[in-house]
Amino acid sequence: MILIISENNERTTTEIIRWLISLGKDFIRVHEEEIFEIKTMERRIYVESQRNCFFIDDITSVWYRRGGLNFKRIQYSNNTVNIHMNEYQHWLEDYVRNALENKKHINKESNFHINKLIVLDLAYNIGLDVPEYFLAENTDNVKLGETIVKTIAGNGILEFEETNHHAVVYTSVVENIEKSDFFITFFQQKIEKDFEIRTFYLHKNMWSMAIFSQNDDQTKVDYRRYNREKPNRNVRYNLPQEIENKIITLMTRLDLSSGSLDFIKSGDKFYFLEVNAIGQFGNVSTQCNYNLDYEIANNL
């Protein structure tokens, strides 16, 4: 039995479920609002919600996409007992999560949040080319026109509940000196690129796509500023074996079985930018005809 942990309306999850059905594989999909209780029967542990119920030892593989397992906590009237039992329940929940993550899996709930700064340090130490980067509270030492600024947070989208709008934090070139200090910000050397590369990684296998974003002023700094009228040209691409070997080392060190990695090709160098542990791969799959939905379903 395959366990899928995802958000309710996650389109990629739905596409992969179609493949699981086609392949005749049994699965359970956990939704984000489900609250599970941990129970036992004949020395076996099972979890139960209003929507799902399964024994832990019946799960053969796990795909973590988004969301997570949520558990009901019993509250006790006596404060001392409540503190003790809260810790007791925490370790029981931790055991269940650990038991599931020790199954065959694609991604884990416990490490899908990765620190970009730590990843860049690790990539550099492994031997990947990384654009020079630094943290600063002002622009005193920033080379204008030659430096970019970008978020170090995992999510670059700001949601404004009061207006029901959102904003995207894009990579930008620093063109002006700021007069006052600001919160510590990530700055990085601007690389003149031949093109960008998005690589999807799954269990030491890789599928890459070249993104020709440099010829469009709208997308040349950040290709996520999509030009809907005249989209970037995207084609299949093969990274050098040396780079793929270093990617395997990086992902192994990060304990990631899957993810999407971004590179810049400039001359004879491949500059590593970042890795997305969740792995946005829909455009890579569709535009390069890689059929990655099947690859994931077949690996579960």
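For the structure, check the block above.
Residues numbered from 1 in each chain as written. Predicted model: local features only at pLDDT ≥ 70, side-chain atom pairs only at ≥ 80, totals over all residues. Heavy atoms only, no water.

Enquirer: Report on the packing of helix H1 (residues 11-22) against helix H6 (residues 292-299), specifying residues and quantitative values.
Expert: Contact pair H1 / H6: the axes reach a minimum separation of 9 Å and the direction vectors enclose 60°. The handedness of the crossing between H1 and H6 is right-handed. Where H1 approaches H6, its residues Thr-12, Glu-15, Ile-16, Trp-19 and Leu-20 are matched on the opposing element by Asp-293, Tyr-294, Ile-296 and Ala-297. Looking at the contact of H1 with H6 residue by residue, the class counts come to six nonpolar, one polar and two charged. (Axes fitted to C-alpha atoms, helices over the stretch in contact; angles between N-to-C directions. Helix = DSSP H or I, 4+ residues; strand = E, 2+ residues; numbered from the N terminus. Left-handed = near helix turned anticlockwise from the far one by under 90°. Contact = heavy atoms within 4.5 Å. Nonpolar A, V, L, I, M, F, W, Y, C, P; charged D, E, K, R; others polar.)

Enquirer: Just give me the short version of the packing of aromatic side chains, but keep the residues and values in it.
Expert: For any pair of aromatic rings, the description consists of the separation of the ring centres together with the inter-plane angle of the planes. For the coordinates displayed, the defined rule picks out 12 aromatic pairs. Relative to Tyr-294, the ring of Trp-19 has its centre 5.0 Å away and its plane inclined at 65°; by these criteria the two rings are edge-to-face. With Trp-19 in helix H1 and Tyr-294 in helix H6, the pair connects residues that are 275 residues apart, well separated along the chain. Under the relative-accessibility criterion, Tyr-294 is labelled partly exposed at 27%. The interplanar angle of 45° and the centroid separation of 4.7 Å between the aromatic rings of Phe-200 and Phe-281 together place this pair among those described as tilted. Of this pair, Phe-200 sits in strand E14 (residues 195-202) while Phe-281 sits in the loop between strand E18 (269-276) and helix H5 (282-288), placing them 81 residues apart in sequence. Residue Phe-200 shares its accessibility class with Phe-281, and that shared class is buried. These aromatic residues form a ring-pair network of at least three members: Phe-134, Phe-182 and Phe-187. A cation over a ring is seen here: Arg-44 above Phe-55, with NZ or CZ 3.9 Å from the ring centre. (Phe/Tyr/Trp six-rings, centres within 6.5 Å; stacked < 30°, edge-to-face > 60°. Buried < 20%, exposed > 50% of the residue type's maximum accessible area, 1.4 Å probe, protein only. Lys NZ or Arg CZ within 6 Å of the ring centre and 35° of its normal.)

Enquirer: Can you lay out the nonpolar core for me, pointing to particular residues and giving the numbers?
Expert: Across soluble globular proteins, you tend to see nonpolar side chains buried next to one another. Ile-247, Leu-250, Leu-261, Phe-263, Phe-272 and Val-275 are the most contacted members of the largest nonpolar core, which has 27 residues in total. Elements that contribute at least two residues to this core include exactly helix H3 (116-126), E14, strand E15 (205-212), helix H4 (241-253), strand E17 (258-266) and E18. The greatest single-element share of this core, amounting to six residues, is contributed by H3. Aside from chain neighbours lying at most four places away, what touches Val-275 is Ile-114, Val-119, Met-251, Leu-254, Leu-256, Ser-260 and Leu-261. (Core = buried A, V, L, I, M, F, W, Y, C linked by side-chain atoms within 4.5 Å.)

Enquirer: Before we move on, can you summarise empty space enclosed by the protein with the specific residues and values?
Expert: Scanning the entire structure with this criterion turns up two cavities of 30 Å³ or more. Its boundaries defined by the atoms lining it, the largest cavity holds a volume of some 80 Å³. In this structure, the largest cavity is lined by Ile-5, Val-62, Tyr-64, Leu-69, Arg-97, Leu-100, Glu-101, His-105, Asn-107, Lys-108 and Glu-109. Those elements that place two or more of their residues in the lining of the largest cavity are strand E6 (61-64) and helix H2 (79-101). Among the elements that line the lining of the largest cavity, the one with the most residues is H2, at three residues. Grouping the amino acids of the lining of the largest cavity by side-chain chemistry returns five nonpolar, two polar and four charged. Considering only enclosed or pocket space, the second largest cavity measures out at about 60 Å³ in volume. Lys-116, Leu-117, Leu-120, Lys-150, Thr-151, Ile-152, Phe-186, Gln-188, Leu-273 and Glu-274 together form the lining of the second largest cavity. Among the secondary structure elements, those contributing two or more residues to the lining of the second largest cavity are H3, strand E13 (185-189) and E18. Counting residues per element, the lining of the second largest cavity draws most heavily on H3, at three residues. (1 Å grid on protein atoms, 1.4 Å probe; cavity = no way out; pocket = protein on both sides within 12 Å on 5 of 7 lines; lining within 4 Å. Points joined across faces, edges and corners; volume = space filled by probe spheres on them.)

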